[in-house]
Amino acid sequence: MLEIRVEKNGGDFTFVQEAIDAVPYEESAVIRIGEGVFHEKLFCEKKDITFIGAGIDKTVIDFDDYANEIMEDGSKRGTFRSYTAFFGGKRVVVRNLTIRNSAGDGRVVGQAVAVYADADECLFENVEMNGCQDTLFCAPLPRAERQKNGFMGPRVMTERRLTRQYYKSCIITGDVDFIFGGADAVFDDCEIVCNDRMHGGRMLDLMGTTGSRVASIGVGATSGAGQSISGAGNGAASGTGKLDKDQIDVTERLVNGYITAACGLSIDLGFVFRNCGIYGAKGCEEGSVFLGRPWREEARTVFLNCVCDKSVAPERFSGWGGINKDEPSTFYGEFGTKLVDGTVAGDGGTGAQEVPGNGELVDLSNKNPWVKDIDEALAAELSKRADEVVKCCTGQEK
């Protein structure tokens, strides 16, 4: 197995992409990345590759591409070319580092992906992923796009195939649909934090002014679409009357964001969160964060034995294009969710695994009627299916 070191000074390479390019496709490799901020846009398409950083707070991969950026041919970059790091191929393992997209608020820049995970088997452990709108894309894409050239990017012309992905002890921050896609993806012991879009936390605190389009505009300014950065989403503000993935209708009430936007098929597992902490960043209003909304009609997402704070909305999950829109073809639900006081993650984060588990069970009596009732037996069945994904991604099946 190849061993390659990337260091600011004294390594085999000084850029991560150079190390990736040096690995033959069929060769297994470990790339160890030293301390520092590496301002790079990564593309990795290898059979079996592992990235190991010096620590989640020591090794940072940062870039700032964004969907609304105008390309040389006059077209917009779009969501799926905005990634900081693309991981394709057969198998990828990423440990002990941070990957972020520092473009800024989606109401200004549009979608801005930090991680595009598209390998057949993906394992992310002790990785922090930071962004605003569309932080983590768990491929594949939906079967069909709703807007012309909406999927322009690395996989626009390829046949859709199911990927299996495992996220262990990760921290993921964002706001609008910031964990999205069609993978069978399992999240264990992760900390999931929704930004406070009204007051600029937590993403702006994490990235400072580096690379941020928002920093030069300022909270409360208006973007080219005519919406306030501190106010309404552009569904209401633009007057189009039609909501799409990058729009939030705040005519019903303030919405800070949606944790997930799944697009898998009903026969798939979808997204499973186990023993995770779900929080609004410091300043998030009570009831302003939704656990998810369906990017496509058969979407599946469940939360099992997680904890959350009061920022999570009483409806739990939102419909697409409206909080109370009926979504009968989806499979959304939660089991054993407990409520914790305060905004743990917004004050620096203790890690979900350290949050006391003696909180009261969340009252689900006001959840949307199409959200499933999950009992102990069904939770165990879903968890068993999730374990199969974990075994695959951690190599236990081999």
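Scroll up to find the structure this text is about.
Just so we're clear, the structure is a prediction, and the values are computed from it rather than from any experiment.

Turning our eyes to something else, we now look at the overall build of the chain. Within the chain, the regular secondary structure consists of five helices and 23 strands. Each of the 398 residues in the chain was classed as buried or not, and the buried ones make up 58%. When contacts within the chain are restricted to residue pairs at least 6 apart in sequence, those whose partners lie at least 24 apart make up 72%. Of the roughly 15,500 Å² of accessible surface on the chain, 48% is carried by carbon and sulfur atoms.

Residue Pro 140 is bonded to the preceding Ala 139 through a cis peptide linkage, with omega at 25 degrees. In this structure, Pro 140 sits in the loop between strand 9 (136-138) and strand 10 (164-168). Even without being a glycine, Asp 134 presents a positive backbone phi close to 65 degrees. Of note, Asp 134 is situated in the loop between strand 8 (121-130) and strand 9.

Attention now goes to the pattern of salt bridges. In the structure shown here, the tally under the stated rule is 26 salt bridges. With a closest N to O distance of 3.1 Å, Lys 41 and Asp 65 form a salt bridge. Of the two residues, Lys 41 sits in the loop between strand 3 (36-39) and strand 4 (42-52) while Asp 65 sits in the loop between strand 5 (59-63) and strand 6 (85-101), which places them 24 residues apart along the sequence. The partner of Asp 65 in a salt bridge is Arg 77, with the nearest N and O atoms 3.3 Å apart. Of the two residues, Asp 65 sits in the loop between strand 5 and strand 6 while Arg 77 sits in the loop between strand 5 and strand 6, which places them twelve residues apart along the sequence. What emerges from the salt-bridge pattern is a single network uniting Glu 45, Lys 90, Asp 118, Asp 120, Arg 155 and Arg 161.

On to the nonpolar core, then. Residues Phe 51, Phe 87, Phe 124, Tyr 167, Ile 179 and Phe 187 are the most contacted members of the largest nonpolar core, which totals 62 residues. The biggest single contributor to this core is strand 6, with six residues. Apart from residues no more than four positions distant in its own chain, Phe 51 is found in contact with Val 16, Ile 20, Ile 31, Ile 33, Cys 44, Phe 87, Val 92, Val 93, Val 94 and Arg 95.

Turning our eyes to something else, we now look at the pairing of strand 4. Pairing of strand 2 (residues 29-33) with strand 4, which is carried by four bridges, proceeds in the parallel orientation. Following the sheet pairing, Ala 29 is matched in strand 4 by Ile 49. Examined bridge by bridge, strand 4 and strand 6 share ten bridges and lie parallel to one another. Within the sheet, the bridge partner assigned to Leu 42 lies in strand 6 and is Ala 85.

Definitions and limits used
Residues numbered from 1 in each chain as written. Predicted model: local features only at pLDDT ≥ 70, side-chain atom pairs only at ≥ 80, totals over all residues. Heavy atoms only, no water. Helix = DSSP H or I, 4+ residues; strand = E, 2+ residues; numbered from the N terminus. Buried < 20%, exposed > 50% of the residue type's maximum accessible area, 1.4 Å probe, protein only. Contact = heavy atoms within 4.5 Å. Areas by Shrake-Rupley, 256 points an atom, 1.4 Å probe, with all protein chains shown as cover. Salt bridge = Lys/Arg side-chain N within 4 Å of Asp/Glu carboxyl O. Core = buried A, V, L, I, M, F, W, Y, C linked by side-chain atoms within 4.5 Å. Pairing = 2+ DSSP bridges.

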